[in-house]
Amino acid sequence: MDQTLSLEEIQQSALESGNWEPLREYYMPKLIRLLLVANAAPRERFFYLDDVENNDGVFNAVAKAICPDEYINYQIFHFKDNNRIESKRIILNLLKDKGIYLIDIMPKTKEEALEEADLTYWLNQCKKDVDKLPLAKDCRIVLCHTNSHKLYSFFNDRKYETEKLPCPVQRNSNSFKIKGTFITKLSKLYKKIEGNG
């Protein structure tokens, strides 16, 4: 990542190019204690993009589970643009400081990625990318999409405590219940990491 670029320049470049990796790397912890593995990086509501007006479901669920007090402030300022953006940055930096990092199997939108290659290719690429991450020896892994659930054996074979959770963003009649399950389980898992659960 180019250290001379500001966060705003990195975000603008990501939005224009669809290459989210420099923005993701901006928030990479020095040592990852909790790795979340999602499916794909949706354009304009990417997890690490701070200016997301609507449908920031994965971020909302993770923030609510890990840092509920800061999440309340984020919700209060959600409709005040500058405060909303700054509040999300605070939470993203807090997640970084806590050693929490989210990656996607496909580093671009699902549609763009699957035009290039099939899911098996992206799963294998994800495994290679994970091997380059600074994972703590006792890093916990949360697979939060049915496609990422296919990586369970990969992480389990490496002796990482791994949990499959439902994707917190679903458009069906059970979506509220599924999001609640994700938040509750992720919160309990994080409390165990912190030694409070």
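As a starting point, this report considers the structure included with it. Treat the numbers as computed from the prediction; the structure is a model and nothing was measured.

This next bit is on the overall build of the protein. Of regular secondary structure, the protein possesses 9 helices and 4 strands. Sequence-ordered secondary structure for the protein, helices as α and strands as β, is α-α-β-α-α-α-β-α-α-β-α-β-α. For the protein, the C-alpha atoms occupy an extent of roughly 45 × 40 × 40 Å along the three principal directions. Pairs at least 24 apart in sequence give 67% of the contacts found in the protein among residues at least 6 apart. Carbon and sulfur atoms make up 47% of the accessible area of the protein, which totals about 10,600 Å². Distance from the positive charge centre (30 side chains) to the negative charge centre (29 side chains) of the protein: 9 Å.

Turning our attention to helix α3 (residues 57-66). Burial runs high along α3: 8 of the 10 residues are buried. Those residues of α3 lying buried are G57, F59, N60, A61, V62, A63, A65 and I66.

Further remarks concern the pairing of strand β1 (residues 32-40). Counting buried positions along β1 gives 8 out of 9 residues, so the element sits mostly inside the fold. Examined bridge by bridge, β1 and strand β3 (residues 135-143) share 5 bridges and lie parallel to one another. Its bridge partner being in β3, V37 is matched across the sheet by L143. One ladder, built from 6 bridges, connects β1 with strand β2 (residues 100-106); its direction is parallel. What sits directly across from V37, in β2, is I103.

Cut-offs used in this document
- Residues numbered from 1 in each chain as written.
- Predicted model: local features only at pLDDT ≥ 70, side-chain atom pairs only at ≥ 80, totals over all residues.
- Heavy atoms only, no water.
- Helix = DSSP H or I, 4+ residues; strand = E, 2+ residues; numbered from the N terminus.
- Contact = heavy atoms within 4.5 Å.
- Areas by Shrake-Rupley, 256 points an atom, 1.4 Å probe, with all protein chains shown as cover.
- Lys, Arg positive; Asp, Glu negative; His and termini not counted.
- Charge placed at Lys NZ, Arg CZ, Asp CG, Glu CD.
- Buried < 20%, exposed > 50% of the residue type's maximum accessible area, 1.4 Å probe, protein only.
- Pairing = 2+ DSSP bridges.

This is a description of form; function is not addressed.
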